[in-house]
Amino acid sequence: MYGRALKPLALATAAGAALAFGLIFFYAPLDADQGFIQKIFYLHVPMAIVALLGFLAGGVMAAMHLRTRRRIWDMRSYVAIHLSIILAVGVLVTGSIWAKASWGHWWVWDEPMLVSFLIVFLLYAVYQPLRFSIDDPERQARYASVFAISGAAFTVLNFVAVRMAATYTHPRVFSQTGGNMPAEMFLTFLVSLAAMALIFTTLWTLELGSKNASERLRRARRRLQREADGGALGLDGEGGRARPAGGAPAPAPASVSAASVPAPR
Amino acid sequence: MPAELERTARPGPAVIRAAVAILRKDLRVELRAREAVPAMALFAVTAFVLFHFAFDRDALDGDVAAGTLWVTLLLTTVLGVNRLFVAEREQGGLEAMLLAPIDRTAIFLAKAAALFLYLVAVEVVALPAFAVLLLGPDLFGSLPALCALLLLADLGLAAVGALVGALAAETRAREVIGPLLLLPLVVPLAIAGAQATEPLFTGSGAPEDLGRWLGLMGLYATIFVLLSVALFDFLLED
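Structural notes, computed from the coordinates.

What counts as what
- Residues numbered from 1 in each chain as written.
- Chains lettered and ligands numbered in written order.
- Predicted model: local features only at pLDDT ≥ 70, side-chain atom pairs only at ≥ 80, totals over all residues.
- Heavy atoms only, no water.
- Helix = DSSP H or I, 4+ residues; strand = E, 2+ residues; numbered from the N terminus.
- Buried < 20%, exposed > 50% of the residue type's maximum accessible area, 1.4 Å probe, protein only.
- Contact = heavy atoms within 4.5 Å.
- Areas by Shrake-Rupley, 256 points an atom, 1.4 Å probe, with all protein chains shown as cover.
- Patch = residues over 30% accessible without salt bridge, like charges linked within 9 Å, V, L, I, M, F, W, Y side chains within 5 Å.
- Salt bridge = Lys/Arg side-chain N within 4 Å of Asp/Glu carboxyl O.
- Buried area = accessible area lost by both parts, 1.4 Å probe.
- Nonpolar A, V, L, I, M, F, W, Y, C, P; charged D, E, K, R; others polar.
- Core = buried A, V, L, I, M, F, W, Y, C linked by side-chain atoms within 4.5 Å.
- Axes fitted to C-alpha atoms, helices over the stretch in contact; angles between N-to-C directions.
- Left-handed = near helix turned anticlockwise from the far one by under 90°.

## Some remarks on the overall build of chain B
Piece 1. Counting secondary structure elements, chain B contains ten helices and zero strands.
Piece 2. Secondary structure elements of chain B occur, N-terminal to C-terminal, as α-α-α-α-α-α-α-α-α-α.
Piece 3. When the 238 residues of chain B are sorted by exposure, 48% land in the buried category.
Piece 4. Sequence separation of at least 24 residues holds for 82% of the intrachain contacts in chain B that already meet a minimum separation of 6.
Piece 5. Split by element, the accessible area of chain B, about 10600 Å² in all, is 67% carbon and sulfur.

Written as C-alpha cells, this is what we have:
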C-alpha cells in the first residue's frame, strides 16, 4: 500500500521543489536590507515549521499507538520524529549561517525561535538512544510513545517559556516572519513551505514502506526457516503452502522467493 | 499486607491511600538507608564550592547568583531522579507494587511526592549554605518570594522527575539517559527561576514580574502532572 502512494508523491515533490527553486531565484525580489542571503529564509523557516509539525505529529501518532496498540502507529511516530531530528539539524545550521550573514555572529541568544529549537533538538536527540537501549520491542514502542507525547507537549511549553524570557530581556516586537512581507515574497515562502512538507511526506512514506517491507521479509524468512526445519519433505511443497497462508498482497510472494535463496542451508 | 493497609487506612479515595502507603515506605527506607537526600545536599554544597573557584569570586549577586543557585538545584535533582526507581527495580519492589490491586497512578503520586520532599529537604540545607558561602546580598528580604518560587519549581520537578525516572529506569544506559532527558526538560524552570530570582538578588527589592514567572512555573507543573498521570500507566505495564 505504501508503494502505490509513493510515485505520485515523489512526482509532486519534485515538481514542488523545482517550482520553489524557480520562485526563490527568479521571482522573489531581493531583500532591501539583507540582499541575497535573505533567500536562506525560504529554506530555513519552512524547515523549522515542518520539523516542528513533525515533532507534534509524532506525538499524536504516539498517542494513537498507546490507544490502539497497533505497532504501525509507533513506526509512523518513530519515522516522523527521526526525520524531524534531521530537519532540525538543518534548521540549526541554516539559522546559524543566516545569523552570521546578517548579524555577524554564528549564534544569537536573543532569537527565541532558534533558541527554542536548540532546546527541543537537544531533547529529541535523546529519543533514539532511549528507544534503542530498550531490548523488548513491545516495551520499546510503549516507552518511545510516552517520550514522543511528553516531547510534543514540552515543545509547545518550551516555546512559550523561551519567548517570555526573550521579550523580558529584549522588549521588542518579533515580526521577521510573516507580517509586512511583499506579496511576491510571501507567495514564494508559501510554495517553499508546501515543497518542504511534500519532501517530508515523501521521505516519511518511503521510509515506512522500506521498514514495512524489511519487516515482512524478516517474517517470511523466519516462517520459511521454521518450515524448512520442521518439514521432512522438500522445500517446494513447504514454500507453496507458505504463500497462501501469509495472505499478504503483492509484495509478499516476491519477498518469499527472495528469502528462499538462503533457506536451504 | 492487607492488615498493614487496613492499619494505615484513612479517609480518602483508594488511590490516595495507596500512594500514602508507598510514600511512607519510601520515606522510611530513605530515613534508614539515607541514600538520596544526604548525597543531594552534599552535591549541592560541593557545587557551590566549585562555583566559587570557577568564578573566582567571594560573593555573587544579581543574575550570576540566581543562575548559580538554580543550576545547582536543577543538577541536584538529576541525582535524586536517578535514585528514584533504581532501588525498586533492583530489589523487586516494583513487581510487588504491580501485583498489588492498586491504581498505577498511586505509584506515580508516591514517587513524585517523595521526590518533592527530598527536594524540599535538600533546599533547606542548600539555601543557607548558598547564603553563607556565596551570596552577597542579604537572603532574608527575598526569602518569601524565593520560597514560593522554589516550592512551585519543586512541584514541576517532582512531576517531570518521576516521569523521566520511570522512563530511564528500563533502559540499559539509565545513568546516561536519565540526565540527558531531564536537563532539556527543565530549561523552562531554569528560565523562570533565574529570571525571577535575579531582581531578588540584586538587592533592589521585590521584582514586578514575579507573578508571570510563578505563572509559568505553575503552568509547567500542571502540564507535567497531567501528562504523567495520563502516561504513567503505560510505563508500568508488565
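## Side note on a nonpolar patch on the surface
Piece 1. Among the surface-exposed residues, A:Phe21, A:Phe25, A:Phe26, A:Leu30 and A:Phe36 lie close enough to one another that they form a single nonpolar patch of about 650 Å² accessible area.
Piece 2. Take A:Phe36: it is sitting in the loop between α1 (2-27) and α2 (41-68).

## Focus on the interface of chain B and chain A
Piece 1. Counting from both sides, the interface comprises 32 residues of chain B and, opposite them, 31 residues of chain A.
Piece 2. Across the chain B to chain A interface the summed buried area is about 3000 Å²; carbon plus sulfur atoms make up 71%.
Piece 3. The tally of links between chain B and chain A comes to two salt bridges.
Piece 4. As a salt-bridge pair, B:Arg172 and A:Asp135 come within 2.8 Å of each other at their nearest N and O atoms.
Piece 5. Elements represented by at least two residues in the side of chain B that touches chain A include exactly α7 (143-169), α8 (174-185), α9 (187-201) and α10 (210-235) of chain B.
Piece 6. Considering each element in turn, the side of chain B that touches chain A owes the most residues, eleven residues, to α10(B).
Piece 7. Tallied by class, the residues present in the side of chain B that touches chain A amount to 23 nonpolar, two polar and seven charged.

## As for the nonpolar core
Piece 1. Core analysis: the biggest nonpolar cluster contains 129 residues, and A:Phe117, B:Leu181, B:Phe201, B:Phe224 and B:Phe232 have the highest contact counts within it.
Piece 2. It is α7(B) that contributes the most residues to this core, 16 residues altogether.
Piece 3. Discounting chain neighbours no more than four positions away, the residues touching B:Phe201 are B:Asp61, B:Gly62, B:Ala65, B:Ala66, B:Leu69, B:Phe130, B:Leu135, B:Pro137, B:Leu139, B:Ser142 and B:Leu146.
Piece 4. Membership of the second largest hydrophobic core comes to ten residues, among which are A:Ile40, A:Phe41, A:Val45 and A:Met181.

## Details of the packing of helix α6 (residues 104-133) of chain B against α7(B)
Residues and elements named next belong to chain B.
Piece 1. For the pair α6 and α7, the least separation of the axes is 8 Å and the interaxial angle reads 145°. Like other packed secondary-structure pairs, α6 and α7 cross with a definite hand, here right-handed. Packed against α6, whose contacting residues are Phe 108, Lys 111, Ala 112, Leu 115, Phe 116, Leu 119, Val 120, Glu 123 and Leu 127, the element α7 presents Leu 143, Leu 146, Leu 150, Leu 151, Asp 154, Leu 155, Leu 157, Ala 158, Ala 159, Gly 161 and Ala 162 at the interface.
Piece 2. Split into classes, the residues belonging to the contact of α6 with α7 amount to 16 nonpolar, one polar and three charged.

## Describing the environment of B:Leu74
All names here are of chain B.
Piece 1. Within the secondary structure layout, Leu 74 lies in helix α4 (residues 62-91).
Piece 2. Using a relative accessible area of 7% as the deciding quantity, one classes Leu 74 as buried.
Piece 3. For the pair Leu 74 and Leu 189, spaced 115 residues apart in sequence, the C-alpha to C-alpha distance is 8.7 Å.
Piece 4. Apart from residues lying up to four places away in sequence, Leu 74 is in contact with Leu 157, Val 186 and Ala 190.

## Some thoughts on the side chain of B:Thr76
Residue and element names in this part refer to chain B.
Piece 1. If you trace the backbone, Thr 76 turns up in helix α4.
Piece 2. In this structure Thr 76 comes out as buried when scored by relative accessible area, which is 0%.
Piece 3. Setting aside chain neighbours within four positions, we find Thr 76 in contact with Met 40, Phe 43, Ala 44 and Val 122.

## Brief notes about the environment of A:Pro112
Residues and elements named next belong to chain A.
Piece 1. With respect to the helices and strands, Pro 112 occurs in helix α4 (residues 112-124).
Piece 2. A residue is classified by how much of its surface remains accessible, and Pro 112, at 1% relative accessible area, is buried.
Piece 3. The spacing of Pro 112 and Ala 165 is 53 residues in sequence and 8.4 Å in space, taken between C-alpha atoms.

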